[in-house]
Amino acid sequence: MEKSRLIYDWNQKSSLAPKRKITFDDETLRDGLQSPSVKDPPIEQKLKILYLMEDLGIESVDIGLPGAGPRAVEHTRRLAKEIVDKRMKIRPNCAARTVIADIEPIVRISQEVGMPIEAATFIGSSPIRQYAEDWTLDKMLQVSEKAVVYALKNSLPVMFVTEDTIRSHPNTIKALYGSAINAGVQAIVACDTVGHATPEGTRSLIEFIREEIIEPSGENIRLDWHGHSDRGLSIINSIAAACAGADQIHATGLGIGERVGNTPMDLLLVNLKLMGCIGRDLSKLRDYCLAVSEAVGVPIPNHYPVFGVDAFRTATGVHAAAVIKAINKGDQELANIVYSGVPSHLFGMSQVIEIGPMSGKSNVIYWLKTHGIEADDARVERIFDAAKKSDRLLTDEEILSAIGVASK
């Protein structure tokens, strides 16, 4: 049966929809590594993640901040060379403060590998940051223009980044972006650097930048959004940015990053896919999450949406019974959505039925059948009795032991 006839989707009543084609910049391998809990992985693991980004159709990747030192230079060069040698579609960029010393290594690497590398030159823009740093607007404009002009003269495309944009004065934003656009940048990035934004605040900022700065300039400027998760709003803020007029969204695998992290790329893609805003194949998204987790040493929580081990796993009798009935109808897709708001098969996942103290006998029967064991009444009763006496899910070994079958 058509699934659209089985679900009345109130989400379709929403007016949320991006105003233009959305692209993505993956910052896992640079901004993500600022997390205090991660390790900087070896280049082999970074390359594996890079290839998974390519498989997912992610358009842009931050490959490092080479101004940070020799290891950063080495890894940045290697990633850039791989993109060139394998003729990958993904476009590289590198972070840099608005100082020549940070931009010069990007110029050198770009020339060595024979490919333009977008320079993401950043400077703080909020009043609180100006006060802490003893910056004047004139000084900020001076150093920003000098950095941007240097990068452009050395054939680097530039995305000009204002940190803490969401807490910055409109006049400061206008001055900084206006100067950068006049100098020739191709992209500007609005940031919620400290996770302060709400969806409404994000929308207001993006609309202001597009209507008051980009459109009056008459230039074809890409507008990016970069958000953090301090209030747990990074995903909805990113969606709000896209709906308000942002062209590209920045995010990281599993949301790793400074403090509690950045917008999680994986969950952002899942939500935009389910909203019908993107149509790309995301069947390798689970592989991407696992690769990031292994590379940086951050376990995926069991309850993590979509990619945690509990995401499509149930032992509750009523829930499991509904899934099993759907499976028995010979409709795996139905089984994947009858008790789940996320169709597991779209993201390389599947439903798992377990046995525990809240299970019904249908769980037991299903488990036995899927393990090639006859589900006679005696076996079902013994396993069911063991489950009701347990304070947690039974392991496969415990289930087999209950019916006197040796585990393999």
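Structure report, in brief. What you see is a predicted model, and the numbers here were worked out from it, not measured in a lab. (Residues numbered from 1 in each chain as written. Predicted model: local features only at pLDDT ≥ 70, side-chain atom pairs only at ≥ 80, totals over all residues. Heavy atoms only, no water.)

### Observations regarding the environment of Glu 54
Then, in step 1: By the secondary structure assignment, Glu 54 is in helix H1 (residues 43-55).
Then, in step 2: Separated by 35 residues in sequence, Glu 54 and Lys 89 place their C-alpha atoms 7.1 Å apart.
Then, in step 3: Apart from residues no more than four positions distant in its own chain, Glu 54 is found in contact with Met 88, Lys 89 and Ile 90. (Helix = DSSP H or I, 4+ residues; strand = E, 2+ residues; numbered from the N terminus. Contact = heavy atoms within 4.5 Å.)

### Focus: the pattern of salt bridges
Then, in step 1: Considering all chains together, one arrives at 29 salt bridges under this definition.
Then, in step 2: Arg 108 is the partner of Glu 104 in a salt bridge, and the nearest nitrogen-oxygen pair spans 3.1 Å. In this pair, Glu 104 and Arg 108 are both assigned in helix H3 (residues 100-113), four residues apart and thus about one turn of the helix distant.
Then, in step 3: By relative accessible area, Glu 104 is classed as partly exposed at 31%.
Then, in step 4: Look at Arg 108 and you get partly exposed, because its relative accessible area is 31%.
Then, in step 5: For Arg 379, the salt bridge identified is with Asp 376, shortest N-O distance 2.9 Å.
Then, in step 6: Residue Arg 379 is classed as partly exposed on the basis of its relative accessible area, which comes to 23%.
Then, in step 7: In the salt-bridge network here, residues are joined through shared partners; they are Glu 27, Arg 30, Asp 31 and Asp 62. (Salt bridge = Lys/Arg side-chain N within 4 Å of Asp/Glu carboxyl O. Buried < 20%, exposed > 50% of the residue type's maximum accessible area, 1.4 Å probe, protein only.)

### Some words on helix H13 (residues 361-370)
Then, in step 1: For H13, every residue scored as buried is listed here: Asn 363, Val 364, Tyr 366, Trp 367 and Leu 368.
Then, in step 2: Those residues of H13 that are buried lie in contact with helix H11 (317-328), strand S10 (352-353), helix H14 (377-389) and helix H15 (396-402).
Then, in step 3: Trailing H13 by a residue or two, Gly 372 shows a phi angle of about 70°, which is positive.

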